[in-house]
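# Chain and residue survey
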Amino acid sequence: MDVRAPHQHGRYLRGTTQKARFRRNKRLPMVSVHRGLWNSLPENSLSAIRAAARWDVVEIDVRLDRDGTPYLMHDRTLDRMTGASGDANGADPAVLQQTRLRAGMGGPAAALTEQPVPTLDAAFGALDQTGAIFDIDVKRAEDLHAVGATIAALGCQDLGTLKIDIASREDVAALVDLERQYDIMVMAKLKLLSEDDLPLVVALREADVAAVELRFDDLNLVKRASSFAGDLMRFGTYTLDAVHCGDLSDSYALRNPRAVWGRILDAGIRLIMTDQPEALSRYLMTR
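All figures in this text were calculated on a predicted structure; none of them were measured in a lab. (Residues numbered from 1 in each chain as written. Predicted model: local features only at pLDDT ≥ 70, side-chain atom pairs only at ≥ 80, totals over all residues. Heavy atoms only, no water.)

Moving on, we come to the overall build of the protein chain. Along the protein chain, the regular secondary structure elements total 11 helices and 11 strands. In terms of overall size, the protein chain behaves like a compact globule, its C-alpha atoms giving a radius of gyration of 18 Å where 287 residues would be expected to give roughly 19 Å. Counting only contacts in the protein chain whose residues sit at least 6 apart along the sequence, the fraction spanning at least 24 positions is 62%. In the structure as shown, the protein chain presents an accessible area of about 12,600 Å², 48% of it carried by carbon and sulfur atoms. (Helix = DSSP H or I, 4+ residues; strand = E, 2+ residues; numbered from the N terminus. Rg over C-alpha atoms; globule rule 2.2 N^0.38 Å. Contact = heavy atoms within 4.5 Å. Areas by Shrake-Rupley, 256 points an atom, 1.4 Å probe, with all protein chains shown as cover.)

Following this line, the structure appears as C-alpha cells:
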C-alpha cells in the first residue's frame, strides 16, 4: 500500500500502518529533519516542510490557538519567529493569520518573510504525496488529545505520529489510550538514565510501541536497552546543537561524523533527528 496516498484517503492508512513503516527494514537508519529544512527558510514553515520531505521524517512543533486549532510554533511566545508578540498558547487566530514568519531560526534581526504561520491542516497538505511523515511534538501535554482529535477528524493518521513522555507504567497506559482513541501511532519519549529505566523499555515493547525517542547519558545503557527492545521497536535520538546527549551534537558530527552518528548507530539507534540532514545522509552512504 502506497504511504504517499493523499490524506483524503487516510481511512486506508492508520497508526498500524505507521508502525509497520517504522518496523520495516529496522536495521536501516531513518533521518528526521528538525523543524523542517529551515536554514534559509523559516523553521516550522510550509516551505521548510516541503524542502525536508525528501527524508523519512519531518519533526514539527504544535500549539493550540484560542479556538483550539493546532498550528506550528515552537516557543511559548510569538516573538522570536513572527512579526507579532505575546503568548503562543491560545493566540488570537486573526493575529496568526495576519502575521508572517521570520527567516531561519528567527530573532529580532531576522527578516520577515512572506511565509504564513501554518495550521496543522495546512502542514499536512504540504507533506501530502511526498513519502515523508511528521513527528508531531505537541508542546503542552494537556493539548495531546485535542491534537489527536484534530488529526483523526482530518483523516491524516497516515501522515504523522504523536509523542508522549514516559516515566511510569501509567504513562505507557496513557500512550496506548492515545493510540486506540485516535487510531494514530504514538512515539514514546524516554529518559534512559539508569538500569532502573530498563523495565520501561520492556513495558513499551509489551504495549506494541514501535518507536522510542531516547535521552541518555551512556551509550552502553542504550546497547543494553536494545537487547530488551526486541525486533519491533526502533530507538531514536537527536543530535541538535541546542539539545543532544553527551557530546553527540551536529556541530561535532560535521567535524567527525563517525564519533557522533557512527557511535549512535553502533549502539542500536536507528532514527536520528538532526539540523544537518544532508551531512547525515552523506555519512550513512559510507556505512
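Here we come to unusual backbone geometry. Of note, the phi angle at Asp183 is positive, near 55°, even though the residue is not glycine. Checked against the element boundaries, Asp183 lands in the loop between α6 (169–182) and β8 (186–192). A positive phi is found at Asp208, a non-glycine position, where the angle reads about 70°. Mapped onto the elements, Asp208 comes out in the loop between α7 (198–206) and β9 (211–216). Here Asp208 falls in the partly exposed class, since its relative accessible area comes to 34%. (Buried < 20%, exposed > 50% of the residue type's maximum accessible area, 1.4 Å probe, protein only.)

Here we come to the pairing of strand β2 (residues 57–64). For β2, the tally of buried residues reaches 8 of 8 residues, placing the bulk of the element in the interior. Burial along β2 is two-sided: the face carrying Val57, Glu59, Asp61 and Arg63 and the face carrying Val58, Ile60, Val62 and Leu64 are both buried. Here strand β1 (residues 30–34) pairs with β2 via 3 bridges, running parallel. Bridged to Val33 within β2 is Val58. Each parallel crossover has a hand, and for β1 linked through helix α2 (residues 46–52) to β2 it is right-handed. Strand direction decides the pairing type here: β2 and strand β6 (residues 133–138), joined by 6 bridges, are parallel. (Pairing = 2+ DSSP bridges. Right-handed = clockwise from strand over helix to strand, strands pointing away.)

For the rest of this paragraph, the subject is the packing of helix α4 (residues 120–127) against helix α5 (residues 144–154). The contact between α4 and α5 brings their axes to 11 Å, and the two run at 50°. By the angle between their axes, α4 is oblique relative to α5. As for how α4 packs across α5, the hand of that crossing is right-handed. Each of Leu120, Asp121 and Phe124 in α4 lies in contact with α5, whose residues at this interface are Val147, Ile151 and Leu154. For the contact of α4 with α5, the residue count by class is 5 nonpolar, no polar and 1 charged. (Axes fitted to C-alpha atoms, helices over the stretch in contact; angles between N-to-C directions. Parallel < 35°, antiparallel > 145°, perpendicular 65-115°, else oblique. Left-handed = near helix turned anticlockwise from the far one by under 90°. Nonpolar A, V, L, I, M, F, W, Y, C, P; charged D, E, K, R; others polar.)

What follows covers the environment of Gln276. Its place among the elements puts Gln276 in the loop between β11 (269–274) and α11 (277–286). Separated by 173 residues in the primary sequence, Gln276 and Ala103 have C-alpha atoms spaced 17 Å apart.

A few words on the nonpolar core. In this structure, Ile136 and Leu204 are the most contacted members of the largest nonpolar core, which totals 73 residues. Each residue touching Ile136, except ones within four places of it in the same chain, is listed here: Ile60, Val62, Phe124, Val147, Ile151, Gly160, Thr161, Leu162 and Lys163. Listed in part, the 10 residues of the second largest apolar core include Met73, Ala84, Leu101 and Val117. (Core = buried A, V, L, I, M, F, W, Y, C linked by side-chain atoms within 4.5 Å.)

A word on helix α10 (residues 257–266). Those residues of α10 that fall on the buried side of the exposure criterion are Ala259, Val260, Trp261, Gly262, Ile264 and Leu265. For α10, the elements touching its buried residues are α8 (219–229), β10 (234–238), α9 (250–255), β11 and α11. Gly268 sits one or two positions beyond α10 and adopts a positive phi of about 110°.

The next subject is the pattern of salt bridges. For the coordinates displayed, the defined rule picks out 20 salt bridges. In this structure, the salt-bridge partner of Arg54 is Glu278, at a minimum N-O distance of 2.7 Å. Highlighted residues: Arg54 in the loop between α2 and β2 and Glu278 in helix α11, separated in sequence by 224 residues. By relative accessible area, which is 54% here, Arg54 ends up exposed. (Salt bridge = Lys/Arg side-chain N within 4 Å of Asp/Glu carboxyl O.)

Let us look at the side chain of Asp137. Residue position: Asp137 is located in strand β6. Each residue touching Asp137, except ones within four places of it in the same chain, is listed here: Glu59, Ile60, Asp61, Val62, Lys163 and Lys189.

Here we come to the pairing of β6. Summarising burial for β6: 6 of the 6 residues are buried, a large majority. Burial along β6 is two-sided: the face carrying Ile133, Asp135 and Asp137 and the face carrying Phe134, Ile136 and Val138 are both buried. Note: β6 against strand β7 (residues 160–166), 3 bridges, orientation parallel. Paired with Ile136 across the bridge in β7 is Leu162. Handedness of the crossover is the feature at issue here: the chain leaves β6, passes through α5, returns alongside β7, and the resulting connection is right-handed.

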